[in-house]
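Single-letter residue listing:
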Amino acid sequence: MTEKLALNEYPVHDLIRHRWSPRAFADRPVEGDKILSLLEAARWAPSSYNYQPWNFIVATKEDETEYNRLLSTLVEFNQGWAKNAPVLILAVARVQSDEGKTLRHAFHDVGLAIENLTIQATAFDLAVHQMAGFDADSARKQYQIPKDYEPVTALAIGYPGDPQSLGDGLRDRELAPRTRKPLQEFVFSGQWGNTSPLLINNKL
């Protein structure tokens with residue numbers, strides 16, 4: 001397993017330091033009880049007005065037909081590596097309430113659920129790679145997703161594999177260091193663009 005710890009400036013939980021998004025997956029199924037725990041973790045995410053707008057379409061390699069159906073909704077580039085992940089999930093957001101109200105925070109709430117799922121996966125030494133690269137129209141048609149729901153993202157889940165199994169371009173990306181913007185670039189106070197005094201006065 002390739003370990004790529006976050007180069008954090010301030011202390012964070014080890015699960016956050018260890019979480020990253022590999023594309024190399026081991027040829028090993030994910031246990032059913034662990035998949036259920038991931039979904040349970042997602043279930044307990046916070047959401048606006050407790051609407052819980054998340055929905056998940058799950059496919060594992062044990063069911064080849066359903067697995068290939070979900071895989072087919074991914075763009076070709078993502079199919080090339082995601083086909084090795086034993087679990088694929090399509091996350092779908094409910095974007096309108098029964099009363100016709102637009103659920104403006106639905107995508108945000110689905111993101112919270114996926115982060116819960118991802119942190120739980122990290123605790124199990126599983127990897128999660130989220131993908132924007134999928135065909136939402138194809139997914140809607142294949143799964144008959146209602147009009148008041150929107151496909152949000154696809155997930156590839158499994159035990160991390162050997163980066164050497166990837167092609168040259170992807171292998172280099174797999175082994176490259178993780179990077180993030182410094183806090184000074186996006187934590188403000190007073191007005192937009194003013195660095196928060198927290199970052200000026202509390203340097204480690």
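Above: the structure in question.
In short, a report on the structure. None of these values were measured; they are calculated from a predicted model.

**Points about the pattern of salt bridges**
Then step 1. Tallying each qualifying case throughout the model produces seven salt bridges.
Then step 2. In this structure, the salt-bridge partner of Lys34 is Glu31, at a minimum N-O distance of 3.9 Å.
Then step 3. Its relative accessible area of 31% is what places Glu31 among the partly exposed residues.
Then step 4. One salt bridge in this structure joins Arg94 and Asp98, with 2.3 Å as the shortest N-O distance.
Then step 5. If you follow the salt bridges from partner to partner, you end up with Arg28, Glu31 and Lys34 in one network.

**A closer look at the side chain of Thr118**
Then step 1. Tracing the backbone shows Thr118 in helix α5 (residues 106-123).
Then step 2. Once you skip the residues sitting within four places of it in the chain, Thr118 turns out to touch Arg19, Val128 and Gln130.

**Let's talk about helix α3 (residues 64-72)**
Then step 1. When α3 is considered as a whole, its buried residues turn out to be Tyr67, Leu70 and Leu71. In a view along the axis of α3, the buried residues occupy a sector of 105°, so they form one face of it.
Then step 2. At its buried positions, α3 is contacted by β1 (54-60), α4 (76-82), β2 (87-94) and α6 (136-143).

**Observations concerning the environment of Arg140**
Then step 1. Locating Arg140 in the fold gives a position in helix α6.
Then step 2. Spatially, the C-alpha atom of Arg140 lies 30 Å from that of Pro160, the residues being 20 residues apart in sequence.
Then step 3. Not counting residues up to four positions away in its chain, the partners in contact with Arg140 are Ile145, Pro146, Lys147, Tyr149, Glu150 and Pro151.
Then step 4. From its side chain, Arg140 meets the backbone oxygen of Tyr149 in a polar contact 2.7 Å long.

Scoring rules and cut-offs
- Residues numbered from 1 in each chain as written.
- Predicted model: local features only at pLDDT ≥ 70, side-chain atom pairs only at ≥ 80, totals over all residues.
- Heavy atoms only, no water.
- Salt bridge = Lys/Arg side-chain N within 4 Å of Asp/Glu carboxyl O.
- Buried < 20%, exposed > 50% of the residue type's maximum accessible area, 1.4 Å probe, protein only.
- Helix = DSSP H or I, 4+ residues; strand = E, 2+ residues; numbered from the N terminus.
- Contact = heavy atoms within 4.5 Å.
- Arc of directions from axis to C-beta.
- Polar contact = N/O pair within 3.5 Å; in protein donor to acceptor, adjacent residues only side chain to side chain.

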